[in-house]
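# Coordinates in review
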Protein chains: 2
Amino acid sequence: MGALKVKVVARILQANDRIAEENRRRFKEAGVFVINLMGAPGSGKTSLLEKTITALNGRLRLGVIEGDIAGTSDAERIGRLGTPVVQINTGGACHLDANMISEALPDLPLDKLDMVFIENVGNLVCPAEFNVGEDMKAMVLSIAEGHDKPLKYPLMFRESSVLVINKTDLAPYTDTDMAKLKADAASLNPALRVFEVSCRTGEGLDGWAGWLAGLR
Amino acid sequence: MGALKVKVVARILQANDRIAEENRRRFKEAGVFVINLMGAPGSGKTSLLEKTITALNGRLRLGVIEGDIAGTSDAERIGRLGTPVVQINTGGACHLDANMISEALPDLPLDKLDMVFIENVGNLVCPAEFNVGEDMKAMVLSIAEGHDKPLKYPLMFRESSVLVINKTDLAPYTDTDMAKLKADAASLNPALRVFEVSCRTGEGLDGWAGWLAGLR
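Residues numbered from 1 in each chain as written. Chains lettered and ligands numbered in written order. Predicted model: local features only at pLDDT ≥ 70, side-chain atom pairs only at ≥ 80, totals over all residues.

### A short note on the overall build of chain A
- When helices and strands are counted, chain A shows eight helices and seven strands.
- Relative to the compact-globule value of 17 Å for 216 residues, chain A shows a C-alpha radius of gyration of 17 Å, a close match.
- Across its three principal axes, chain A shows a C-alpha extent of roughly 50 × 45 × 30 Å.
- Across the 216 residues in chain A, those meeting the buried criterion constitute 47%. (Helix = DSSP H or I, 4+ residues; strand = E, 2+ residues; numbered from the N terminus. Rg over C-alpha atoms; globule rule 2.2 N^0.38 Å. Buried ≥ 20, exposed ≤ 12 C-beta atoms within 10 Å, placed from the backbone.)

Right under this line is the structure:
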C-alpha cells in the first residue's frame, strides 16, 4: 500500500501543479496579483483581510476567495465590505488545491480587480504543500500561538514570502518570546519579510497596507 | 485519478483501523487509559499536559506520546517533569496514524502506567479522521482562536468527548463570545463535556485533573 500511496500522491501533486499553472496564466492575463494567505485556525486571517480591504480602499481593487471546510461566515464578513468574494467549502479537505481555485474563478470579476487574496483553510501544515497559481504565499501567526511554531511547522515558514504576526496587543499577556520567534523564522527563511500588527487596535496595519500597495 | 484516490484513501483508513484495534488491545492488556489530545497549533496542548502531570502527581502514573511534524521540544518539556515520553516526528504528515503509535509503544513502559496522553500534531482538521486506538478523543481550543471554530471545523468537535477551552486569562482582551462558542459546540455534539482553564494562571485545572483521575 505504501508504494501505491506514494505514487498516487505524486500524481495528485503533478495534476495540481498543471492546474496551478493554468490559474497563474489566467491571473496574469487579467493583470491580477494573487496572494495565498495561510495560517492556523484563529490566527486572524479574515480579520486581517477586513482591515486590509478598509486600508486599501481607493488604492487597490481587491477580491477574495475564502476557503473553509464548512460554512460561509468568512465570505459573509468580506461581502459586508462590498468586496467581491467567493466561498469555497472543501467538504473535509484540510487545504485548498488548484482545481478548487480554478472552479471558483468564473465567479470573480478578475478584469476589474488588481489583487486577489486566497484565504486558505486554517492549518499550519498542508496548505503550504499545494500551489494554487498564486504570485506569493503569505502567512499569519497569532502571537498567542507562541514562539515555538517555526521549528515545529517549518515548511510553511519556508514557503511564505511574508509573515504577519497578528494580535500584538496580547503581547503583555503571553509568554511569547518575539526575538526567538523572529530568529527561528529567519533561520528557516532568511528572505522572510515580517510585519507585526494588531487587527484589534490597528497597530502596524498602515505599514502592511502600504507595502501591499507597492506590489502593484 | 479521482476514483483511484478514493480507493486508496479507503484502503489507508481500513488499514489504519486494523492497526488501531491492535493498539487498543495492547493498551487494554496493560490496563492503560488512552486519550488522543488534539487542537490547533498554539492552543496549549503541551502546556495543558505539563500542568496535568503536576496536578495528578501521586494519583495517576502518566505517560505521553508527542506527535510533531519536526523537532523534539515538546518531548523535552514533558521529559523534564520525569514523565515517560516518546517523540514521534511525522516528517510532514499533518496527523498521527495508528501505525506511528504502534511503532512508538515499545518505548513506553505501558505496564507501569495508568494513563497515556497522545498529543497529536497541531491541526484542527485531519487528526480527527484517524483512530489510533485511544479510549477517548479530547480537544484543546485557545480562547484567542475565537468563537467561530465549531462551525468551521465541525468534525473535531463531533469526534471529541471533551473540549478544554484554554487561555481563559486572555478573555478580557479578546472579542471571543464564550456563550456562542459553547452553544455551537453543543449543537454539534450535545454530549461534549467542557472545561475552561488557564494554564498560565492555573484557573480551572483542579476540576480538569479531578475529572481525569475519576476516569480510572
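Still more to cover.
### With respect to the interface of chain A and chain B
- Chain A puts 36 residues into the contact, and the matching count from chain B is 36 residues.
- Those elements giving two or more residues to the side of chain A that touches chain B turn out to be α1 (2-30) and α5 (149-152) of chain A.
- It is α1(A) that contributes the most residues to the side of chain A that touches chain B, six residues altogether.
- Tallied by class, the residues present in the side of chain A that touches chain B amount to 20 nonpolar, seven polar and nine charged. (Contact = placed C-beta atoms within 7 Å. Nonpolar A, V, L, I, M, F, W, Y, C, P; charged D, E, K, R; others polar.)

### Considering the relation of the copies chain A and chain B
- Superposition of chain A onto chain B requires a rotation of 180 degrees combined with a translation of 0.0 Å along the rotation axis, giving an RMSD of 0.0 Å. As the rotation angle and translation indicate, the two copies are arranged about a two-fold axis. Of every C-alpha in chain A, the one belonging to A:N123 sits nearest the axis of rotation, 3.0 Å from it.
- A shared interface surface links the copies, since 100% of the contact residues of chain A are contact residues in chain B too. (Least-squares fit on C-alpha atoms with pLDDT ≥ 70 in both.)

### Points about the sheet that holds strand β5 (residues 136-142) of chain B
Residues and elements named next belong to chain B.
- Taken together, seven strands build an open sheet; the order of strands is β3-β2-β4-β1-β5-β6-β7 and the sheet is parallel. The open sheet is flanked by β3 (85-89) and β7 (193-196), the only strands paired with a single partner. Going from strand to strand, the sheet's axes swing by 20 degrees on average, the running direction of each strand aside.
- Two elements, strand β2 (residues 62-68) and strand β4 (residues 115-119), share five bridges in a ladder whose sense is parallel. Paired with V64 across the bridge in β4 is F117.
- Contacting β1 (33-39), β2, β4, β5 and β6 (162-166), helix α2 (residues 45-55) crosses the sheet at an angle of about 165 degrees to β4. (Pairing = 2+ DSSP bridges. Axes fitted to C-alpha atoms, helices over the stretch in contact; angles between N-to-C directions.)

### Some details on the packing of α2(B) against helix α8 (residues 205-214) of chain B
Residues and elements named next belong to chain B.
- Here α2 crosses α8 at 70 degrees, and the two axes come no closer than 10 Å. Taken as axis vectors, α2 and α8 run roughly perpendicular relative to one another. Both α2 and α8 take part in a crossing whose hand is right-handed. Facing α2, whose interface residues are K51, T52 and A55, α8 presents L205, D206, A209 and L212.
- The residue makeup of the contact of α2 with α8, split by class, is four nonpolar, one polar and two charged. (Parallel < 35°, antiparallel > 145°, perpendicular 65-115°, else oblique. Left-handed = near helix turned anticlockwise from the far one by under 90°.)

### Quick look at the sheet that holds strand β4 (residues 115-119) of chain A
Residue and element names in this part refer to chain A.
- If you trace the seven strands from one edge of the open sheet to the other, you get β3-β2-β4-β1-β5-β6-β7, paired in parallel fashion. Only two strands of the sheet have a single partner each, and these edge strands are β3 (85-89) and β7 (193-196). Direction aside, neighbouring strands of the sheet carry axes that sit 20 degrees apart on average.
- One ladder, built from four bridges, connects strand β6 (residues 162-166) with β7; its direction is parallel. Residue I165 lies in a different strand from β7, and its bridge partner there is E196.
- Across the face of the sheet, helix α2 (residues 45-55) comes into contact with β1 (33-39), β2 (62-68), β4, β5 (136-142) and β6 while running at roughly 165 degrees to β4.

### Here's the deal with the nonpolar core
- In this structure, A:V116, A:I118, A:V164, B:V116, B:I118 and B:V164 are the most contacted members of the largest nonpolar core, which totals 112 residues.
- For B:I118, the residues in contact, after removing those within four places along its chain, are B:V34, B:I35, B:N36, B:L37, B:I65, B:G67, B:L96, B:I101, B:V132 and B:E134. (Core = buried A, V, L, I, M, F, W, Y, C linked by C-beta atoms within 7 Å.)

### Examining α2(A)
- Of all eleven residues in α2(A), eight are buried; the element is thus mostly enclosed.
- The set of residues buried in α2(A) consists of A:K45, A:T46, A:S47, A:L48, A:L49, A:K51, A:T52 and A:I53.

### Structural notes on the pairing of β5(B)
All names here are of chain B.
- Buried residues dominate β5, accounting for six of its seven residues.
- Relative to β5, β1 runs parallel, the two being bridged by five bridges. Following the sheet pairing, N36 is matched in β5 by K137.
- Pairing geometry for β5 and β6, over five bridges, is parallel. Counterpart to S142 in the pairing with β6 is N166.

### Considering unusual backbone geometry
All names here are of chain A.
- A positive phi angle is found at K167, which is not glycine, with a value near 65 degrees.
- Mapped onto the elements, K167 comes out in the loop between β6 and α7 (178-188).
- Assessed through the 28 C-beta atoms surrounding it within 10 Å, K167 is described here as buried.

### Some words on the environment of A:V125
- For A:V125, the position within the fold is in the loop between β4 and β5.
- Leave out the neighbours within four places in its chain, and A:V125 touches A:Y153, B:I69, B:C94, B:V121 and B:N123.

### Remarks on the confidence of the model for chain A
- Taken residue by residue, chain A gives an average pLDDT of 96. The fraction at 70 or more is 99%.
- Predicted complex, confidence summary: ipTM 0.90, pTM 0.94. (pLDDT = per-residue confidence, 0-100.)

### Some words on the pairing of β4(B)
- Counting buried positions over the five residues of β4(B) gives five, a clear majority of the element.
- The two faces of β4(B) match: B:M115, B:F117 and B:E119 on one face and B:V116 and B:I118 on the other face are all buried.

### Focus: the environment of B:L62
- Residue position: B:L62 is located in strand β2.
- A sequence separation of 22 residues divides B:L62 from B:P84, and the C-alpha atoms of the two residues are 7.4 Å apart.

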